[in-house]
Structure formats: C-alpha cells, structure tokens
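If you want the building blocks of each chain, they are given just below.
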Amino acid sequence: MKKTIITTILSLLLGGFAVKTVAQSLTLEQCRQKALEYNKSLSSAKIRLEQTTFDMKSYKANFFPQFNLLATDFYSTARGDISIDGGHLPIYNFVESAGQFLPNVTVNSDGSYTLNQYADFPSQQMKWKLKNIFIGGISVMEPIYMGGKISTAYNMSKLGVNMANENIRLTESEVLAGTDEAFYLAVKAKELGDVARSYKTMLDELKKNVEGAFRHGMSTRNDIMKVQVKMNEADLSIQKADNGYRLALMNLCHIIGMPLDSNIEPLTSFAKQEGGADVQALNVNDSSVYLPSGMNVDISARPEYAILQNKTELARQNIKLTKSDYLPNVAFGAAYTYANGGELAGKTMLNNGAATVGVAVKVPIDLFGGATNKIRSAKAAYQIAQIEQQDLNEQMQLELAQCRNNVNEAITEVQLCEVALQQAAENVRLSKQQYEVGFETLSDYLETQALWQQCSANLVNARCQLALSRTKFLKASGRL
C-alpha cells in the first residue's frame with residue numbers, strides 16, 4: 001500500500017513537470033510592433049533625429065542678438081606713491097593804473113620785464129593702492145549682414161532634420177521587411193511539416209492495408225519494404241521540417257527581441273484565409289491585394305528617394321555657405337561697463353560706468369584665388385551629388401519594376417501549383433481505387449502519393465514566395 005501511494009505521488013509530480021507550456025500565438029502585426037520597439041538601429045535613428053533637431057535650433061538662435069555678461073573681481077597688493085616737488089609759480093595779472101588795467105610787471109632797463117607776484121605751493125606726496133578692483137558689464141552683438149552664412153546654415157540644418165526623419169522611415173521599412181521575411185519563413189517551415197505529416201499519415205494507412213494483404217497472401221514482403229522505405233523518407237522529411245521550424249522561430253525571436261528559446265507560434269496560415277492585416281496567399285485572382293495601386297506606382301514615396309533629394313540640396317546649399325565666407329560681414333555691437341576699486345590719496349579712484357556703441361565691418365580680399373577655387377570645388381561636389389541621385393533613382397526604378405514582375409510571377413506560380421495539387425489529389429484518389437482492385441501496382445500508387453507531397457510542398461513554397469514578393473514590392477514602392 002505504501003509503495004502504491006508513493007508511486008502515485010511521484011507519477012503526479014512527474015506528470016505535472018511534464019506539462020508543456022502553451023505556445024504564445026503572435027500575429028504578423030504583433031511581431032512587427034515588437035521588432036520596431038526592440039530594434040537598436042531604429043533607436044539610434046530616433047536619437048539622431050533629436051540631435052539634428054537640437055542643431056537646427058542652435059543655428060536658428062544665430063538670427064537673434066547675442067548677449068554676454070562680464071564680471072571680474074581681483075585683489076592686488078600693488079601700492080606706491082606719487083611725489084610732486086613744490087616751488088614758486090609766477091602769476092601774470094593786471095592792476096589798475098590811471099584808469100587803465102596794466103600788467104603787474106617791472107620793466108627792466110634792457111627792455112625785459114619781471115613779474116611782481118608769485119604763488120608758492122608746497123611739495124606733494126600721494127600714496128596709491130590697487131587693493132580690490134571690480135569690473136562688470138554687459139555686451140550685445142547683432143549680426144546685420146554675414147554674407148548669407150546664418151540663413152544658409154539654418155537651411156542646411158533643416159535639411160539635416162528632414163534626412164533624419166527619412167532615415168527613421170528607411171530603418172522602419174527595413175525592420176518591417178526583415179520581420180515579414182522571418183515570420184513567413186516560420187509559417188512556411190510549419191506548413192512544410194504539416195505536409196510531411198499528412199504524407200506520413202497516408203503511408204501509415206497504406207502500410208496497414210499492405211500488411212493485411214500480406215497476412216492474407218495477397219502481397220509480398222517486398223511490398224511492405226517498399227512502403228517502409230517511403231515511411232523512413234517521410235520521417236526524415238518531418239525531422240528536417242521540425243528542425244527548420246525551430247530555427248525559423250529562433251530567428252523570429254531574435255528579430256522581435258524575445259529570448260531565442262521562447263515558445264511562440266506564428267498566428268497565420270498560407271492554407272486558409274484569415275482576417276486582420278496578415279498577408280495571405282489565397283486570393284491570387286485579385287492582384288490589387290499584392291499590387292495596391294496596380295501598375296501605376298513610382299519611387300517618389302521611398303525614403304531613399306527623399307534622402308537623395310535632400311543630399312543634393314545640401315550640396316547646393318554648401319555652395320552658398322562657401323561663398324558667404326568671402327562676402328562682407330557687418331555687425332552691430334553695444335556694451336556697458338562699470339568699474340570700482342583702487343585708492344589714491346585715501347580716495348576711491350574708480351567708481352563709474354561707461355557705454356560704448358559701434359559697428360564692425362569686415363571685407364575679405366581674395367588676392368590669390370583661394371575663394372574662387374573653394375567655390376568651384378563646392379560646385380563640383382553639387383554636380384557629383386546630382387549624378388549620384390540620377391543613377392540611384394534609375395536603380396530604384398529598376399528594382400521596383402523587378403519586384404512588380406516578381407509579384408506577378410509569384411501569383412502565376414501559386415495558381416499553377418494549386419491546379420497541380422488538385423490534379424495530384426485526384427490522381428491519388430484514382431490510383432488508390434485502381435490499386436485496391438488490382439489494376440495498378442504498389443510502386444505506381446506510391447509514386448502518386450510522393451507526387452502529391454511534392455505538389456503540396458511546392459504550393460507552400462509558392463505562397464510563401466508570393467507573400468515575400470509582396471513585402472519587397474511594398475518596400476520598393478515606399479509603402480511599407
């Protein structure tokens with residue numbers, strides 16, 4: 001009794017540990033959202049946008065006056081004195097004589113004269129000390145004309161913000177395209193496993209029938225071995241499909257930022273139509289599902305197109321910026337300064353303020369052609385940017401045309417594979433009937449089943465390729 005109870009408890013405990021966790025089902029939109037939140041490149045692109053925005057605001061501040069505060073306070077032990085020698089200082093004045101004012105002088109016999117009055121002043125000695133001196137003030141500088149440098153730099157900073165925004169769009173489209181590819185490859189691997197298991201089920205049923213016929217002497221052991229060989233091949237196909245499915249899920253987990261061993265399941269099937277935004281590969285007769293605007297699409301909506309435009313415009317603005325270095329600059333300035341400190345003869349020397357106003361003008365002179373050559377270099381860079389833009393635009397147009405063709409070809413391939421699968425299924429049904437009445441060999445029946453498996457796998461591959469082709473088309477047209 002004790003052994004029975006212990007055995008029962010252990011069985012319950014072990015059974016509890018053996019319960020598998022339920023897989024987390026994820027739709028394509030959920031995977032996309034997780035990938036956008038996790039992707040490090042996208043986070044860096046958003047930070048770069050913040051950086052360029054701050055740069056633009058800093059360049060915009062150059063349009064406004066610049067204020068500066070100055071404050072200096074220092075103490076010095078320097079001291080000394082100033083000596084002035086005393087003496088007699090003649091005074092030239094007038095006195096009244098006979099109703100007239102005449103110089104108060106004595107005329108000498110030689111015609112010279114001598115002043116009759118003198119002023120005496122004593123010797124002076126004054127001490128001075130620097131002690132604590134404070135100098136403070138405020139200044140303002142307003143650019144009037146800087147050769148267009150300020151406005152050009154501001155326009156270039158706005159182009160930088162536009163390029164940062166487009167770079168975010170580009171990174172998002174790349175993340176979404178990578179997520180779609182990983183998601184659809186996981187769905188493909190899962191459905192290839194389902195096809196392999198369906199094929200194995202058909203072989204299991206056939207093996208039972210062959211073994212029954214062998215027991216009744218209606219078939220040979222060689223027939224059983226033929227079926228067994230096919231079953232071994234089916235087991236290997238199932239194992240390969242399961243391994244591929246696990247690797248595809250690990251890759252999907254890596255892209256959406258989940259642990260690689262997470263138990264997830266893509267909530268989409270190529271085999272039936274589902275709602276939501278998931279791309280299905282069934283309605284191949286409606287090309288608008290895969291070519292949203294039909295054939296009338298261009299590359300103007302692509303972020304790469306906008307980035308190239310901004311890059312070319314940036315090169316054009318750089319010509320203006322280079323020219324501004326060699327144009328006259330005019331600026332207005334004003335300042336107010338207050339000083340306090342110092343001591344002379346026991347009294348403060350400095351205790352007042354002063355205001356200054358002025359206009360500064362600078363006119364560069366190009367004597368040796370440095371400015372001309374720099375401007376020519378900037379113009380050459382602009383021409384290079386135009387050529388690169390034209391070349392890359394043509395490449396993007398070719399890519400879009402190729403992606404459109406790939407979608408159309410994938411639609412046709414799905415349609416052909418669906419027809420081939422229907423024919424293969426009907427062939428299996430007829431072959432089974434012929435085999436059961438003895439009108440067809442086992443080898444022919446096995447071949448029809450293998451053909452059905454191949455057609456099923458081809459249809460899964462074609463549907464997956466159609467979904468991937470649509471994603472690439474949307475990315476190439478700037479709609480992803």
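Before going into details, it helps to say that this report is about the structure given with it. (Residues numbered from 1 in each chain as written. Predicted model: local features only at pLDDT ≥ 70, side-chain atom pairs only at ≥ 80, totals over all residues. Heavy atoms only, no water.)

To continue, consider a positive patch on the surface. Taken together, the side chains of Lys-320, Lys-323, Arg-376 and Lys-379 present a region of like positive charge at the surface. Taken together, the elements giving at least two residues each to the positive patch come down to helix 6 (303-324) and helix 7 (370-436). Structurally, Lys-379 can be placed in helix 7. (Patch = residues over 30% accessible without salt bridge, like charges linked within 9 Å, V, L, I, M, F, W, Y side chains within 5 Å. Areas by Shrake-Rupley, 256 points an atom, 1.4 Å probe, with all protein chains shown as cover. Salt bridge = Lys/Arg side-chain N within 4 Å of Asp/Glu carboxyl O. Lys, Arg positive; Asp, Glu negative; His and termini not counted. Charge placed at Lys NZ, Arg CZ, Asp CG, Glu CD. Helix = DSSP H or I, 4+ residues; strand = E, 2+ residues; numbered from the N terminus.)

Scanning the model with the defined rule gives 18 salt bridges in all. Salt-bridge contacts for Glu-211 lead to Lys-207; the nearest nitrogen and oxygen are separated by 4.0 Å. Taken together, the residues span about one helical turn, with Glu-211 and Lys-207 both in helix 4 (residues 149-215) at a distance of four residues. With a closest N to O distance of 4.0 Å, Glu-304 and Lys-475 form a salt bridge. Residue Glu-304 is located in helix 6, and its partner Lys-475 is located in helix 8 (residues 442-476); the two are separated by 171 residues in the primary sequence. Owing to a relative accessible area of 17%, Glu-304 belongs among the buried residues under this scheme. Here the salt bridges do not stand alone but share partners, grouping Arg-302, Glu-304, Glu-399 and Lys-475 into one network. (Buried < 20%, exposed > 50% of the residue type's maximum accessible area, 1.4 Å probe, protein only.)

By the definition in use, this model includes three aromatic pairs. Each ring, one from Tyr-435 and one from Tyr-445, has its centre 5.4 Å from the other, and the planes form 25 degrees; the classification is stacked. With Tyr-435 in helix 7 and Tyr-445 in helix 8, this residue pair connects regions lying ten residues apart in the sequence. Accessibility assignment for this pair places Tyr-435 and Tyr-445 in one class, buried. (Phe/Tyr/Trp six-rings, centres within 6.5 Å; stacked < 30°, edge-to-face > 60°.)

To continue, consider helix 2 (residues 28-38). Among all positions of helix 2, only Leu-28, Cys-31, Arg-32 and Ala-35 are buried. Looking straight down helix 2, one finds its buried side chains confined to an arc of 100 degrees; they lie on one side. On its buried side, helix 2 packs onto strand 1 (24-26), helix 4 and helix 5 (221-256). (Arc of directions from axis to C-beta. Contact = heavy atoms within 4.5 Å.)

Let us now look at the pairing of strand 9 (residues 124-145). Taken together, the 17 bridges between strand 2 (residues 66-84) and strand 9 define a ladder with antiparallel strand orientation. Bridging across to strand 9, Thr-72 finds its partner in Ile-135. When strand 9 meets strand 11 (residues 329-344), the two strands line up antiparallel, connected through 14 bridges. Note on strand 11: the bridge partner recorded for Ser-139 is Ala-335. (Pairing = 2+ DSSP bridges.)

By the secondary structure assignment, Thr-322 is in helix 6. The class for Thr-322 is buried, based on a relative accessible area of 12%. From its side chain, Thr-322 meets the backbone oxygen of Asn-318 in a polar contact 2.8 Å long. Residue contacts for Thr-322: discarding those within four places in its chain leaves Lys-374, Ile-375 and Ala-378. (Polar contact = N/O pair within 3.5 Å; in protein donor to acceptor, adjacent residues only side chain to side chain.)

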